[in-house]
Each structure stands twice: as structure tokens, then as C-alpha cells.
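One-letter residues, chain by chain:
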Amino acid sequence: MSRIIVFEQERCTFCHLCTLYCSLTFSKGGVVEARPSIARIRVAQNEDDTLYAAHVCFQCPVQEPGLPRDAAACITACPVEGCITRNPQTNIVEINEETCTGCGKCVRACEYQAVFLTDGKAVKCEVCEDPLCVKACAPQALTLAEADEEYLEKIAQLYKEVRL
Ligand code: SF4
Ligand code: SF4
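Residue numbers restart at each chain and count upward from 1, following the sequence in its written direction. Chains carry letters from A onward and ligands carry numbers from 1 onward, assigned in written order. A pLDDT threshold of at least 70 governs which residues receive local features in this predicted model, and a stricter bar of 80 or more applies before side-chain atom pairs are shown or counted, although totals over entire chains, interfaces and linings include all residues. Each side-chain value is derived from all of the structure's non-hydrogen atoms; neither hydrogens nor water enter the calculation.

Asks: Which residues make up the overall build of the protein, and what are the values?
Replies: Runs of E in the DSSP output that reach at least two residues are strands. Runs of H or I that reach at least four are helices, and both are numbered from the N terminus. Looking only at helices and strands, the protein features 5 helices and 8 strands. Order of helices (α) and strands (β) in the protein, N terminus to C terminus: β-α-β-β-α-β-β-α-β-β-α-β-α. When we talk radius of gyration, it's over C-alpha atoms, and the globule rule is simply 2.2 Å times the number of residues to the 0.38. Against the 2.2 N^0.38 benchmark of 15 Å for 164 residues, the protein shows a C-alpha radius of gyration of 15 Å, consistent with a compact globule. C-alpha extents for the protein along the principal axes are approximately 40 × 40 × 30 Å. Partitioning the contacts of the protein with sequence separation of at least 6, the portion at a separation of at least 24 is 63%. Methods summary: accessible areas were calculated by the Shrake-Rupley approach with a probe of 1.4 Å, and residue burial reflects only the protein chains presented. Entry remark: accessible area of the protein is about 9000 Å², with carbon and sulfur atoms responsible for 51%. Considering the protein, the positive charge centre built from 16 side chains and the negative charge centre built from 23 side chains are found 5 Å apart. Between two residues, a contact is recorded if the distance between any of their heavy atoms is within 4.5 Å. For this count, His and the chain ends are skipped, Lys and Arg are scored as positive, and Asp and Glu as negative. The atom standing in for a charge is NZ when the residue is Lys, CZ when it is Arg, CG when it is Asp and CD when it is Glu.

Asks: So what's going on with the site of ligand 1? Which residues, and what values?
Replies: We define proximity as follows: a residue is near a molecule or strand when any one of its heavy atoms falls within 4 Å of that partner. All residues adjacent to ligand 1 are Phe 7, Cys 12, Thr 13, Phe 14, Cys 15, His 16, Cys 18, Val 43, Cys 137, Pro 139, Ala 141 and Leu 142. Each residue gets one of three labels, nonpolar for Ala, Val, Leu, Ile, Met, Phe, Trp, Tyr, Cys and Pro, charged for Asp, Glu, Lys and Arg, and polar for the others, Gly among them. Partitioning the shell around ligand 1 into residue classes produces 10 nonpolar, 2 polar and no charged.

Asks: Before we move on, can you summarise the pairing of strand β7 (residues 121-124) with the specific residues and values?
Replies: At least two DSSP bridges between two strands are required for those strands to pair. Here strand β6 (residues 115-118) runs beside β7; their pairing, made up of 4 bridges, is antiparallel. The partner of Leu 117 across the bridge, within β7, is Ala 122. Between β6 and β7, which pair antiparallel and follow one another directly, the connecting turn spans 2 residues, one of which, Asp 119, has a positive phi of 50 degrees.

Asks: Outline the pattern of salt bridges, supporting the account with residue identities and numerical values.
Replies: The salt bridge definition used is simple: a Lys or Arg side-chain nitrogen within 4 Å of an Asp or Glu carboxyl oxygen. Using the criterion set out here, one finds 6 salt bridges in the structure. A salt bridge links Arg 35 to Asp 119; its shortest N-O distance comes to 2.9 Å. On the criterion of sequence distance, the pair formed by Arg 35 in the loop between α1 (17-25) and β2 (42-45) and Asp 119 in the loop between β6 and β7 is long-range, its members being 84 residues apart. Under the scheme applied here, a residue whose accessible area is under 20% of the maximum for its type counts as buried, over 50% as exposed, and between as partly exposed, the area being computed with a 1.4 Å probe on protein chains only. Among the residues examined, Asp 119 registers a relative accessible area of 61% and is labelled exposed. Here the salt bridges share partners, and the residues they tie into one network are Glu 33, Arg 35 and Asp 119.

Asks: Which residues make up α1, and what values go with them?
Replies: Within the span of α1, buried status applies to Cys 18, Thr 19, Cys 22 and Ser 23. Looking straight down α1, one finds its buried side chains confined to an arc of 135 degrees; they lie on one side. Along its buried surface, α1 packs onto β2, α4 (132-136) and β8 (142-146). Each C-beta atom gives one direction from the helix axis, and the arc is the one those directions make.

Asks: How would you sum up the pairing of β2? Please name residues and give values.
Replies: Pairing analysis gives 4 bridges linking β2 to strand β3 (residues 52-55), with the strands arranged antiparallel. In the sheet register, Arg 42 faces β3, and the bridge partner there is His 55. What sits between the antiparallel neighbours β2 and β3 is a turn of 6 residues, in which Asp 49 has the positive phi angle 60 degrees.

Asks: Lay out the environment of Val 31 with the relevant residues and their values.
Replies: Of note, Val 31 is situated in the loop between α1 and β2. For the pair Val 31 and Glu 111, spaced 80 residues apart in the sequence, the C-alpha separation amounts to 33 Å.

Given below as C-alpha cells:
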């Protein structure tokens, strides 16, 4: 199992600060920008406004039958060899920005809505050393923790239910 950003929907207040702070981490060109469209975490609500979900990649240990152990839908969908890989040390699924063509196949393949296209490149949470999303979340709906099976099943279901 890998360290992932764990989301507890019961604690989330839908404030969007995680998205804003994440975007600070990924600002480019020497300018720090609060720009949600470049964030690796995105917050959604259901139609009744009764459920919130911060969509953030959980590194897909949820396996499809018949796929190799390190497979994830985004890895399988990417037509550029070696562009999306799983780091064997950390288990984190990583995208090579240099070789990404921005075709969006990985985005469409992820049924959990955890891969995003931004500025012509695919991006996803690759679990920062000291994530700003976690620091920004006052009600502690986000934590950096080991994934466990029970959590993964629950979050996979939530992401299918609360769409962006
Ligand atoms: S910062 Fe925390 S409470 Fe606010 S939207 Fe993100 S997960 Fe929810
Ligand atoms: S957008 Fe980039 S990472 Fe995603 S499938 Fe296309 S080339 Fe691969």
C-alpha cells in the first residue's frame, strides 16, 4: 500500500481551500497563482447538496480483473509508452509532463475523476512530501496516510457517486 491523500467526506465543508492551496504548489514561471484549474485536487457536490467529495487520486490499488498488478486505467489508456508509470518505490502513479501530448485519454479513462487536463498536459496527485491541501484543510477532512482496503472501497464508491 502507498501513502495517499485520504479524504473524509463527513468532515468536508466544501470550502475549496484544498484546491486553491494545491494550485499554489503547481504555479509556474516564478509567479505563485491561486488558480483552481491547475490543482491536482478538485471538489464536487452531489445534486442535493448533501454530499461533498474532494477528488484526488488514490493511486489505484483497486484492480480490474485480468490486469497486471501495477495497472491503473490511466496507465493502460495512455498511448505514449512510459508516459504514465507507477513508481516501484512509492507505488505512486506518475505522469511525465515532457512526453505527455495532452490527448486526454487518461482523463477519460479514470472513472474516479482524479486526472485532469490543464494547460495542455495531464496532471494528477502524485502525493507531495508536505501537501498544502492537507495543511489548508481546517476541519481535517484531508490527511496523508496509508491506504487501506476499506477506505479504498468507500472512496471509489463516493467518487462514482459525486461527479465533478
Ligand atoms: S479544504 Fe477540506 S473542508 Fe475545504 S473543500 Fe477541501 S477537503 Fe473540504
Ligand atoms: S494526456 Fe498525456 S498522460 Fe494522458 S493519455 Fe494522453 S499522453 Fe498519456
